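# A closer look at the structure
Chain residues, written in single-letter form:
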Amino acid sequence: MSRYLILALCALGCAVPLHAQRTTEQFIPIGRSPGVSGTAAAVIGTIEAVDAAQRTLRIAGPQGPVTIAFTDTTDVWIDRSAQRQSALVGSPSDLVAGRRAEVKFVDPARPEIADWIKIEGS
Amino acid sequence: MASRFRISFVAVVLQLVLLAVACRRPPPPPPDDPISRGERLFFEETFDGNGRTCGSCHRAEDNFTLSPAFIASLPPDDPLFIAETNPDLAQGFENPRLMREFGMILENLDGFADLPNVFTMRGIPHTLAQGSSVASAAGPRTGWSGDGAPGDGTLRSFATGAVIQHFTRTFARVPGQDFRLPTEEELDDLEAFMLSLGRQQDLALPLPLRGTVAARGQQIFIDPTLGKCNACHSNAGANADPAVFGPGAGNLSFNTGVENLPDQPADLTGELVPPDDGFGVPGNGEFNTPPVVEAADTGPFFHNNSIETIEGAVAFYNGAAFNESPAGILLRNATGSGIVLDGTQVVAVAAFLRVINALENIRQTLAYLDESGTAHPDRAARQLRLAAEETNDAIEVLAGAGLHPAGVRHLGVAKDAIDNAAASTGRRTVRIDDAVAALEQARADLVST
C-alpha cells in the first residue's frame, strides 16, 4: 500500500495515546488504583496548598512536597469510601488544604500535570 | 444354612462397601499456581458483590462470551439475571429484554450520573487469545472501545473496573460495602488465567487449506486490492499488518461505521439504546479490532451485537455504513476503491473464517483432552465437557455453511467418543484416544500438514 495510506491509516488508528477508563476509576479509593497507586504514576499525600488562580496544588508526598498543575481535563473525585458513602464527582473547588489526596500524573516522566485527583471526603 | 448364607452375604457386602470407601480418594488440594488460582477466582469469586463472577458473563462453555442461545438455557435465578431479581438493581443496571434477546450488557462508560439515560449496550467480548490481541504501540487496548480498564489501563487492571460496573450490590458502588476490590495478588492471578485462554500466538497465513471455497476466501482476505481484511486483521488476528501500519503497531481501533447501521436489532425493539461513541469521554467513534480466528462461533458480531451471522459480518464491509465511515473513506481514497465483494466472495471469506475457527476448535479440544488424561476425576469431567462443547462448535461452524462434510463426520465421531468418555470412567483412555484420532482426521480434511 502507498506511503500515504500508511501514514493516514496510522493517523486514524495509532496517533491517539491511550488512556485508562475513568468512569469506574471514580469508585476506586485513594491508594487502590491498580498499576497506578504506589508507582511513579501517582503521588499520595496531604494537600498543603491550593492556588486557584495558577491552578496548582502542592501535595506533601513521601518524597517531599510536589507542585502539580490541574487543567480543564483533570478529573476530580471525592473519595467517601471511608464514610461508607458513594464517591462523588468533584471539581477544583473541592481541593482543600489539609485533605489527603492522590494525584495521577498525565506523564509519569514529567509529574507536573494532574490526570486525575482523588480527595478524601470530609 | 440359610442364616449362614445371609451372614456370609452381609459380610461380603460390608467388605465391598469398606473397599469402596477406602478407594474413594479425597480430592487433592487445588493447584497453587497463578493460572489455577486465577481460574478459581474467575469462576468462583464474587468479590462480596451481587453474586456474579467473571464467569457469569464469560462462560467457558460458550467460548468465554455469552450468546442469546446460551442465555436462554440459564435458570431464572442465575446471577446473570440479578437485575431481574434484586430490587436495588431493577432500574438502570441491565436491560433484561436486550440481554435475553440479543446478549447485550449495560455499561456506563460515559459516567454514572444519569443511569436511566446515559449508558451503552454492548455484547460481551470473548476473552480468548488476549496475549496477542490487546497490545499496541499506544498502550493496551481492552474491551470494545480500547479503554476498558481503570488504573493503568492494562488487562491486569480490567477486573477492577468489571467488579465496580457489574458486581455491585447497589448503585452506590461503595468498596467494602457493595463489593470488594480485587487485591494485587488476585489481579496477577486473574491476568495469568486470562492470558492462558485460547490461542497463544497468531496464525501464519496463508494456510494450506483443502477446501476450495475457504481457500479462495483466504486469498480474498489477504488480497490488498480485494478483501483488504489482512490490513487490520493481520493473519486473521487482532493486530494491524506491519507492512501497512508500521512495525509494532499492534492492535488498533477504528471508526468503521457500525453505529450507523440501519435497522440494528436492539433499535428495532423500541428500547432506549443511546448511541455508543466508542473510545474516550466524549468518544471518538472508534472501536477496538478483535481477532477473527475466534469469530465464527462467538457471534453475534461487533460491539453492539448488531449482526448475527459471520456472512453478515463480512458483508458489512460492502455496505454504506462502512464505506462512508472514516475508516472506509480513507481506505477508498488510498486504494482507489472501497471493499467491494460480490455474494460469492462474501461467502468465500466467511468460509475461510469458519474453517480457521473450526481448526482452532480442534486445537482447543485436543488441549482439553490432553489435560483430562492426567487430571483429577472432577477436573477431567469438566475438561471432557468443554472438549465436547468445542467439538460441537466445530461441527456447527462447518455444517452451518455446508463445508467439509467428511470433516464434519469425523468430528461427529470425535464428539460421540468424548461424550462416552465423559459418561463413564471405564475405558475412558481408549475413548479419548478414539476422539483424538477422529479429530486428527477432521483436521486433515480441513488443512494439509
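Given the structure is predicted, the values throughout are model-derived calculations rather than measurements. (Residues numbered from 1 in each chain as written. Chains lettered and ligands numbered in written order. Predicted model: local features only at pLDDT ≥ 70, side-chain atom pairs only at ≥ 80, totals over all residues.)

## Description of the nonpolar core
Residues and elements named next belong to chain B. Under the convention used in this document: Connectivity within a nonpolar core runs through C-beta atoms within 7 Å, and the core itself is a set of buried Ala, Val, Leu, Ile, Met, Phe, Trp, Tyr and Cys residues. Between the buried cut of 20 or more and the exposed cut of 12 or fewer other C-beta atoms within 10 Å of a residue's own C-beta lies the partly exposed class, and all C-beta atoms are placed from the backbone. Numbering goes from the N terminus for both helices and strands, where a helix is a DSSP run of H or I of at least four residues and a strand is a run of E of at least two. Whether two residues are in contact is decided by their C-beta atoms, placed from the backbone, lying within 7 Å.
Membership of the largest hydrophobic core comes to 72 residues, with the highest contact counts inside it found for V349, A351, F352, L353, V355, I418 and A435. For this core, the secondary structure elements donating two or more residues are helix 9 (212-222), helix 10 (242-245), helix 12 (310-315), helix 14 (326-335), helix 15 (343-372), helix 16 (377-399), helix 17 (405-423) and helix 18 (428-446). Of all the elements, helix 15 adds the most residues to this core, at 15 residues. When residues no more than four places from it in sequence are discounted, the contact partners of V349 are G217, I220, F221, G227, C229, V314 and L341.

## A word on the environment of V89 of chain A
Along the chain, V89 of chain A falls in strand 5 (residues 88-89). Residues V89 of chain A and Q26 of chain A, spaced 63 residues apart in sequence, show a C-alpha to C-alpha distance of 7.4 Å. Beyond its immediate sequence surroundings of up to four residues, V89 of chain A is in contact with Q26 and W77 of chain A together with A113 of chain B.

## A word on the pairing of strand 3 (residues 64-69) of chain A
Working note: regular strand, side chains alternate between the two faces of the sheet. All names here are of chain A. Spelled out, the test is: A pair of strands is labelled paired if DSSP reports no fewer than 2 bridges between them.
In the sheet, strand 2 (residues 56-61) pairs with strand 3 via six bridges, with the strands oriented antiparallel. Bridged to T56 within strand 3 is A69. Where strand 2 folds back on strand 3, the antiparallel hairpin that results is connected by two residues.

## Some details on the sheet that holds strand 4 (residues 75-79) of chain A
All names here are of chain A. Overall, mixed pairing links the seven strands, which are arranged 3-2-1-6-7-4-5 in an open sheet. Each of the sheet's edge strands pairs with one partner strand only, and the pair in question is strand 3 and strand 5. The pairing of strand 1 (residues 42-51) with strand 6 (residues 100-105) spans five bridges and is antiparallel. Following the sheet pairing, I44 is matched in strand 6 by E102.

## Structural notes on the interface of chain A and chain B
Rules: Only Asp, Glu, Lys and Arg are considered charged, only Ala, Val, Leu, Ile, Met, Phe, Trp, Tyr, Cys and Pro nonpolar, and every remaining residue, Gly among them, polar.
Chain A puts 35 residues into the contact, and the matching count from chain B is 48 residues. Broken down by class, the residue content of the side of chain A that touches chain B amounts to 20 nonpolar, 11 polar and four charged.

## What to know about helix 14 of chain B
What counts, and what does not: Note that the arc is computed from the directions linking the helix axis to the C-beta atoms.
Every buried residue of helix 14 of chain B is listed here: A327, G328 and L331 of chain B. Looking straight down helix 14 of chain B, one finds that the buried residues subtend no more than 95 degrees of arc, so they occupy a single side.

## Section: the environment of A40 of chain A
Here A40 of chain A is to be found in the loop between helix 1 (3-13) and strand 1. Under the C-beta neighbour-count criterion, A40 of chain A is labelled exposed, with 10 such atoms within 10 Å.

## Section: the packing of helix 17 of chain B against helix 18 of chain B
Residues and elements named next belong to chain B. Stated precisely, the cut-off is as follows: Note on method: axes are straight lines fitted to C-alpha atoms, helices fitted across the in-contact stretch only, with angles between N-to-C directions ranging 0 to 180 degrees. Orientation is classified from the angle alone, with under 35 degrees giving roughly parallel, over 145 giving roughly antiparallel, 65 to 115 giving roughly perpendicular, and any other angle giving oblique. Two helices cross in a left-handed way if the nearer one is turned anticlockwise from the farther one by less than a right angle. They cross in a right-handed way if the turn is clockwise.
Put simply, helix 17 and helix 18 touch, their axes get as near as 8 Å, and they point 165 degrees apart. Comparing the axis directions of helix 17 and helix 18 gives the class roughly antiparallel. By crossing handedness, the relation of helix 17 to helix 18 is classed as left-handed. Across the interface between the two elements, A406, G407, H410, L411, V413, A414, A417, I418, N420 and A421 of helix 17 pack against R428, R431, I432, D434, A435, A438, L439, Q441, A442, D445 and L446 of helix 18. Across the contact of helix 17 with helix 18, the residue classes tally to 13 nonpolar, four polar and four charged.

## Some remarks on the domain arrangement of chain B
Residues and elements named next belong to chain B. Heads up, the condition is: For each domain, the first and last residues come from an automatic or database assignment.
Assigned domains within chain B: domain 1 (34-127 + 130-196) and domain 2 (202-449). One C-alpha centre belongs to domain 1, the other to domain 2, and the line joining them spans 23 Å. Domain 1 puts 33 residues into the contact, and the matching count from domain 2 is 37 residues. Among the secondary structure elements, those contributing two or more residues to the side of domain 1 that touches domain 2 are helix 6 (96-102) and strand 2 (120-123).

## Some details on helix 7 (residues 155-166) of chain B
Note: α-helices contain 3.6 residues per turn, so residues at a spacing of three or four share the same orientation. Residues and elements named next belong to chain B. For the record, the criterion: Between the first and last residue of a helix there are one fewer steps than residues, each counted as 1.5 Å, and that sum is the expected span.
With 12 residues, helix 7 should reach 16 Å at 1.5 Å per residue; the first-to-last C-alpha distance of 17 Å fits that figure. With 12 of 12 residues buried, helix 7 is to be regarded as a mostly interior element. Considered for burial, the residues of helix 7 that qualify are L155, R156, S157, F158, A159, T160, G161, A162, V163, I164, Q165 and H166. As for helix 7, its buried residues are in contact with helix 3 (54-57), strand 1 (104-107) and helix 8 (184-196).

## Looking at the packing of helix 16 of chain B against helix 17 of chain B
All names here are of chain B. It is at 9 Å that the axes of helix 16 and helix 17 come closest, and there the two elements cross at 160 degrees. As summarised for this structure, helix 16 and helix 17 are arranged roughly antiparallel, according to the angle between their axes. For helix 16 against helix 17, the interelement crossing comes out left-handed. Of helix 17, the residues touching helix 16 (which contributes A381, L384, R385, A387, A388, T391, N392, A394, I395, L398 and A399) are G407, V408, L411, G412, A414, K415, I418, D419, A421 and A422. Here the residues of the contact of helix 16 with helix 17 sort into 14 nonpolar, four polar and three charged.

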